[in-house]
Amino acid sequence: HWKDGRVPSAFPQCRAATRRYSSSDPNLQQLPSKGDGAALRQILVAPQDYVYVSLDWSGQELRLMAEASQDANMLSCYVGENKRDIHSMVAVQAAPFIWGRTTTYEDFAAMRKSQDEDEAAKAALLRSGAKTTNFATQYGAQAPKVAIQLKTDEATAQRFIDAKDATFPGINKWKARVEGEAESTGLAYTLLGARRHLAESVSSPNSWIRSKAARQASNFWIQGSGAEMAKLTLGRMWASGLFSGGARASFVAPIHDEVVFLVHRDDAVQVVRQCHSFMVAQYADMKVPLASSLAMGRDFSCPVEVGEEFTDEQVQEAVGKLFE
């Protein structure tokens, strides 16, 4: 930029068919958040006395899927007194195929917390495979693609997929219903009623195009609803005045299901608390509650994890540690 020498990224609102934000020149959404590539985020350093804040929706798309499908097992992960870990549930279902023996959810949860490092690592590895499968199959990935992500053979990948389908049978039933409606009406909807027009594709003589359009219908319900959720949240943040003089804070970017901003260390508690409330506010008529995880840092990598539930004192303590 001619005035401040910075390189601003563009964030088009409607370039993606799902209505999610995209990013370009440079694409901040492609900066890795894990592994060696995460060091790239450390290039972006906060100004003096400021910290980067990341508020990340926890399992945004999985929660939307639970709401959409009304699958009883999936709902039990987010609603009720005895919430369960969604990835552990699939891991337990996959255990007979991967380990050659069955296990209960309670025993698996105990293994994850075991003092025996080998036992804990074994449980972590199985849960990691289940987690990868849950996200990969969210939008129709089949065994060949899942196998690549799991770094395993297709037979093992299929076993993980079968375990997920057996654990959450309501998902495929919901997808079949939504895709059937799209084939008959040519339309796909978000939870708030935004429409994607698919009539030309679902009536195509090309079977591959027709099947792709059917998958896009259920994908749009989830991703389009996630986009709405994000834009409504950003609207609340803007309307609050926090980023236009109400506090020493400046908005940075929406990064997938993460919202990033800069805030002065002395205003951090106020701004974080208010923005977190915007992240978990009611969306449409969802019964599944939303959750948002807080991370902070002196650079864009936000290495200090605070978690989903925190007190003002914990926020202040985290900020203090960043300046020690």
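Our subject is the structure that appears above.
The rules we used
- Residues numbered from 1 in each chain as written.
- Predicted model: local features only at pLDDT ≥ 70, side-chain atom pairs only at ≥ 80, totals over all residues.
- Heavy atoms only, no water.
- Core = buried A, V, L, I, M, F, W, Y, C linked by side-chain atoms within 4.5 Å.
- Buried < 20%, exposed > 50% of the residue type's maximum accessible area, 1.4 Å probe, protein only.
- Helix = DSSP H or I, 4+ residues; strand = E, 2+ residues; numbered from the N terminus.
- Contact = heavy atoms within 4.5 Å.
- Pairing = 2+ DSSP bridges.
- Axes fitted to C-alpha atoms, helices over the stretch in contact; angles between N-to-C directions.
- Parallel < 35°, antiparallel > 145°, perpendicular 65-115°, else oblique.
- Nonpolar A, V, L, I, M, F, W, Y, C, P; charged D, E, K, R; others polar.
- Salt bridge = Lys/Arg side-chain N within 4 Å of Asp/Glu carboxyl O.

(A) Just the nonpolar core, in detail. One finds Val53, Phe261, Leu294 and Met296 to be the most contacted residues of the largest nonpolar core, which totals 79 residues. Ranked by residues supplied to this core, first place goes to helix H10 (residues 207–240) with 9 residues. Excluding anything up to four places from it in sequence, methionine 296 contacts Val51, Tyr52, Val53, Ala268, Cys302, Pro303, Val304, Val306, Val315, Ala318, Val319 and Leu322. Of all hydrophobic cores here, the second largest spans 12 residues; its members include Leu28, Leu31, Leu262 and Ala295.

(B) How the structure looks around helix H1 (residues 60–69). With 10 of its 10 residues buried, H1 lies for the most part within the structure. By the burial criterion, the buried members of H1 are Gln60, Glu61, Leu62, Arg63, Leu64, Met65, Ala66, Glu67, Ala68 and Ser69. Summarising the contacts, the buried residues of H1 are in contact with strand S1 (50–57), helix H2 (72–75), helix H3 (86–98), helix H5 (117–136), helix H8 (169–185) and H10. One or two steps after H1, the chain reaches glutamine 70, where phi turns positive at roughly 55°.

(C) Here's a closer look at the pairing of strand S5 (residues 258–264). In terms of residue burial, S5 counts as a mostly covered element, since 7 of its 7 residues are buried. Because side chains alternate across S5, one face comprises the buried residues Glu258, Val260, Leu262 and His264, and the other comprises Val259, Phe261 and Val263, equally buried. Sheet topology note: the S1/S5 ladder contains 7 bridges and is antiparallel. Counterpart to tyrosine 50 in the pairing with S5 is histidine 264. The pairing of strand S4 (residues 249–255) with S5 spans 6 bridges and is classified as antiparallel. Bridge pairing in S5 places serine 250 opposite leucine 262. Once S4 ends, the chain turns through 2 residues before running back antiparallel as S5, passing histidine 256 with a positive phi of about 55°.

(D) Here's a closer look at the packing of helix H6 (residues 143–150) against helix H7 (residues 154–167). It is the contact of H6 with H7, at a shortest axis distance of 8 Å, that shows an interaxial angle of 100°. One way to sum up the angle between H6 and H7 is to call them roughly perpendicular. On H7, the residues touching Ala143, Pro144, Val146, Ala147 and Leu150 of H6 are Glu154, Ala157, Gln158, Phe160 and Ile161. Taken together, the residues that form the contact of H6 with H7 break down as 8 nonpolar, 1 polar and 1 charged.

(E) Molecular detail of the pattern of salt bridges. Tallied over the full model, the rule gives 9 salt bridges. With a closest N to O distance of 3.1 Å, aspartate 267 and arginine 248 form a salt bridge. Residue aspartate 267 is found in the loop between S5 and helix H11 (268–279), and its partner arginine 248 is found in the loop between H10 and S4; the two are separated by 19 residues along the sequence. Relative accessible area serves as the criterion here: at 13%, aspartate 267 is assigned to the buried category. A residue is classified by how much of its surface remains accessible, and arginine 248, at 39% relative accessible area, is partly exposed. Salt-bridge contacts for arginine 273 lead to aspartate 312; the nearest nitrogen and oxygen are separated by 3.1 Å.

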